[in-house]
Amino acid sequence: MLSLFPLLPLVMMLGLWLARSPRQVRAVMATGSSLLLVLAVVLVVRYLGLREAGETAPMLFTDSVVWYAPLNIHYAVGVDGISVAMLLLSAIIVFTGTFASWRMEHDVKAYFLWFCLLSVGVFGFFVSVDLFTMFMFYEVALIPMYLLIGVWGSGRKEYAAMKLTLMLMGGSALLLIGILGIYFGAGATTMNVQEIAALHNIPLSLQRIWFPLVFIGFGVLGALFPFHTWSPDGHASAPTAVSMLHAGVLMKLGGYGCFRVAMYLLPDAAQELSWIFILLTTVSVVYGAFAACVQTDLKYINAYSSVSHCGLVLFAILMMNTTASTGAILQMLSHGLMTALFFALIGMIYGRTHTRDIRQLSGLMKVMPFLAVGYVIAGLANLGLPGLSGFVAEMTIFNGAFQNPDTFHRVVTVIACTSIVITAVYILRVVGKILYGTCDNPEHLKLSDATWDERLSVICLIVAVAGLGLAPLWVSDMIHGSVSELIAHILS
Amino acid sequence: MDYTSIFTLMRAEVTLTAILVLLFLYDLLAGERARRHFTAVASLLLALQAVATAFPAASGELFGGMFHYEPMHAVVKSLLTVGAMIVCLQADGWLRDAETRHKQGEFYILTLSTLLGMYFMIGAGHFLMFFIGLELASVPMACLVAFDKYRNYSAEAGAKYILCALFSSGLMLYGISFLYGTTGTLYFDDMASRIDGSPLEIMALVFFFAGLGFKISLVPFHLWTADAYQGAPTAVTSYLSVVSKGAAAFVLFTTLVKVFAPMVEEWQTVLWIVTVLSITVANLFALRQHDLKRFMAFSSISQAGYIMLAVIGGSSVGMTSLVFYVLVYMAANLAVFGVLSTVEQHSGGRVCLEDYNGFYRTNPRLAVLMTLGLFSLAGIPPFAGFFSKFFVFAAAFRSGFYVLVFIALLNTVISLYYYLLIVKAMYITPSETPIATFRTDRYTRISLALCTAGVLLLGLVSAVYDGINALAYGL
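Keep in mind it's a predicted model, so treat the numbers as computed, not measured. (Residues numbered from 1 in each chain as written. Chains lettered and ligands numbered in written order. Predicted model: local features only at pLDDT ≥ 70, side-chain atom pairs only at ≥ 80, totals over all residues.)

Q: So what exactly am I meant to see when it comes to the overall build of chain B here?
A: Helix and strand content of chain B: 21 helices and 2 strands. Seen along its three principal axes, the alpha-carbon backbone of chain B occupies a region of about 65 × 55 × 45 Å. Considering chain B as a whole, with its 475 residues, one finds that 60% of them fall into the buried category. For chain B, restricting intrachain contacts to residue pairs at least 6 apart in sequence, the fraction spanning at least 24 positions comes to 79%. (Helix = DSSP H or I, 4+ residues; strand = E, 2+ residues; numbered from the N terminus. Buried ≥ 20, exposed ≤ 12 C-beta atoms within 10 Å, placed from the backbone. Contact = placed C-beta atoms within 7 Å.)

This is the structure in structure tokens:
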């Protein structure tokens, strides 16, 4: 069943390749992405059902086929609560992303082909439990970004695309050597994440070398300071759906990888060296928020906000207790949804006004009330208003982080907490400036509100954000078991 | 001696010689109409030869140990034949030019002679045999490089190639003479037991390595590469960069493992330095190139460095990774060269990076094929290059060369940058005068289809790797 996730986008690619007109391309995408969403929902239901029935194995729906026997490489899949949540998130974003770029005109077929390849990588990464397969899918997800940004992007797209690709590939070079280190360090008998964790036999001296490499390797994608600089440029230049998918899902690959590979497989070094990365992530959180305050481009604001929020994810998993890590997963979901909502809305506004400069936008509430209200909701979720997803996640994280009894952890927690206030500053500034007041630009008065496809995309995301905010318990129950198991292993 | 075993153990050499003779006769006797199908005939014969060679027989030796046969040799030889066949397919358009038309037969005979030389190098069990093979592989190659003799560049490249080749052969002979002096034999098998790592033998190793380093174009023996690649006809360049290099890399592996086994620490040190230099220097130089043939020259030098990662451990895993890497590199590089050469044919000789601006708009299919080839060279999944790179890294890592692997990995990022420059030119940069839309000829299309199938399938389907692995041997 799990193999369907990477397989379906592949089938979609085949369909796109055969499609003759933009109409057919859209039909393929709409069908395929809806099927993915249905598949993800079915997976969640079945997963919860099995857990309800008392299934206690850490990974469910496992399957494994020998691929390259001499190196013990398997095509191995399996999911726990965390990956199920991530798959659901990815499916939602792919679905809404499709509709957000519904009216794309320029070479739409090739655009969606690369978009689907990106989804293959994302879904494949979350279902695999074999280090090699995981790494392969990870890289599959990175490279289409170059063309998606370079060809369909805006602004300084060539520079941004190259910077993003090279930085992420640099990260994956570190990652690759780390993975080889883990594999050979654990006796070169298996590439399976669960089995390596069970062996627990990598000497501490080696762990000290590989842990920073793997953590930074994934951390680059998770916008770890000071390796985050690809993110603002990349997100600002990318086309709407790509920004959504990239900030919404791809950056989560980083956090997920840090947790599942770096910390889970190299637990002793993780405990010993976590303080370095805690400091870096604290900087990410606060610096990202401050940087967002002074930006004038809507996408840059949101990109720096993503740096801050993704920093919080890494910050939380480094706190190494169940509460904070559950918060981290919730934050991944929450940030994924709301940032996708943001980028979708920014794309829609930009498509109409042809500017993202907040100094040139004002009074849009009267002109396009639907988009404006969506923007306000996204903003409120971002600054952590109770009832929306951001609040639940951040509350859990800070609560968990403060549970650490020592001064160091508590001080950094307090520092990181300030980001909540700073977030409010930049969100409210933007909302006030571009949505309220009078509309100064007469050209903007003629603009129309959202079309049906845009409404569909926005409403789906708002429902998800509000759903996560109002009823977080079923999600946190789903991930709690898996998180506590990982944490127990890391601390053992 | 049992003469029938010549036909089993020397199957590849015998059939290739037969093809040489057949093509020679065809060239002499065929009329104007039949000559039109020269490419088809040659490629078909080579394809049959590759199939006939591929099935491994039991290992054995001939002529009192002058010639060795291992099942792995069959695989490598058949792989080289496939490479040569694809080159022949791609050369078709160029060979139909008015200037080269009457030389078509010569092209095949020269190409296949070098191929035969490589076969003998691979099968050699004695340094004399080895040297004959090496010369047979080098001298006709110089003719091929200078094939467009009325073009100054080509003639110059030919002269450079032959001078460098002779110099390196001289060095190698000098090294071999040291070996003979210290061990009193030229047989590989005897030599391995008599080598003790005395200073003279270290000198011999260095000279021998320099000679082969030239063939593989490793830094610092690479100075001829860029000029020869640029000047030679594109079909010859692709042959040089793929078949010739692949054969030499395999031979380096087998001789280091077979003959120099007692000096493993010495040659590992040499290889370590040469690998780092090859990868890094070539990558840095590639960044500055505008002529795509020169560009591919530096790319191929750095790829040679990656191949050395598989050699350095000397393990049987290393041999598997090496042969697999060469196979994948062949598919990817020939895809890129196929596009380069057909574009050169149809656009009046445009081979610069700037010429490819806007290429995707006018020739989307070729642009996509080229992209796949480049991504595979850069080691991007799900293309085969990712797998082959991973395996050579794993092979070197297994032998404990952590720092070397790390340096090589950082270099993949640099190489990705310059491969992306071509992708960027094709897809993103607009152009006033893009290369006009054209239809590629049938043979090029077949060759590109083969290469693309290789790039897409070799990695995802593990059967080929497993097949190679079953036959590998090492220290």
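Q: Quick question: what am I supposed to make of the environment of G400 of chain B here?
A: Mapped onto the elements, G400 of chain B comes out in the loop between α18 (384–398) and α19 (402–427). Note: C-alpha distance between G400 of chain B and G313 of chain B (87 residues apart in sequence) is 8.3 Å.

Q: Hey, could you run me through the interface of chain A and chain B in this one?
A: When the parts of a complex come together, some accessible area is lost, and that lost area is often taken as the interface size. Each partner contributes to the interface: chain A provides 24 residues, whereas chain B provides 26 residues. Contributing elements (two or more residues each) for the side of chain A that touches chain B: β1 (60–68), α5 (131–142), α6 (144–152) and α7 (157–185) of chain A. If you tally residues by element for the side of chain A that touches chain B, the top one is α7 of chain A, at 11 residues. Here the side of chain A that touches chain B is composed, by residue class, of 19 nonpolar, 3 polar and 2 charged. (Nonpolar A, V, L, I, M, F, W, Y, C, P; charged D, E, K, R; others polar.)

Q: Would you take a moment to explain the packing of helix α15 (residues 316–346) of chain B against helix α21 (residues 463–471) of chain B for this structure?
A: Packed helices, taken two at a time, are described by the angle between their axes plus the distance between the axes. Residues and elements named next belong to chain B. For the pair α15 and α21, interaxial distance at closest approach is 9 Å and the crossing angle is 135°. Looking at the two axes, α15 sits oblique to α21. Between α15 and α21 the crossing geometry is right-handed. In contact with T320, V323 and F324 of α15, α21 contributes Y465, I468 and N469. Partitioning the contact of α15 with α21 into residue classes produces 4 nonpolar, 2 polar and no charged. (Axes fitted to C-alpha atoms, helices over the stretch in contact; angles between N-to-C directions. Parallel < 35°, antiparallel > 145°, perpendicular 65-115°, else oblique. Left-handed = near helix turned anticlockwise from the far one by under 90°.)

Q: For this particular structure, what's the right way to read the pairing of β1 of chain A?
A: Looking along a regular strand, one sees side chains alternate from face to face of the sheet. In terms of strand pairing, β1 of chain A meets strand β2 (residues 73–79) of chain A through 6 bridges, oriented antiparallel. Across the sheet, residue D63 of chain A finds its bridge partner in β2 of chain A, namely V77 of chain A. (Pairing = 2+ DSSP bridges.)

Q: Please clarify how unusual backbone geometry should be interpreted in this entry.
A: Excluding glycine, most residues fall at negative phi; most peptide bonds, likewise, are trans. In this structure, the amide linkage connecting F225 of chain A to the following residue, P226 of chain A, adopts the cis form with an omega of 0°. Following the sequence through the fold, P226 of chain A ends up in the loop between α9 (204–221) and α10 (230–237). The omega angle of the peptide bond from V219 of chain B to P220 of chain B is 5°, so this bond is cis rather than trans. Within the secondary structure, P220 of chain B is located in the loop between α10 (199–216) and α11 (225–231). Located in the positive-phi region is A223 of chain A, a residue other than glycine, with phi close to 60°. Its place among the elements puts A223 of chain A in the loop between α9 and α10. On the basis of neighbour counts, which here come to 30 C-beta atoms within 10 Å, the residue A223 of chain A falls in the buried class.

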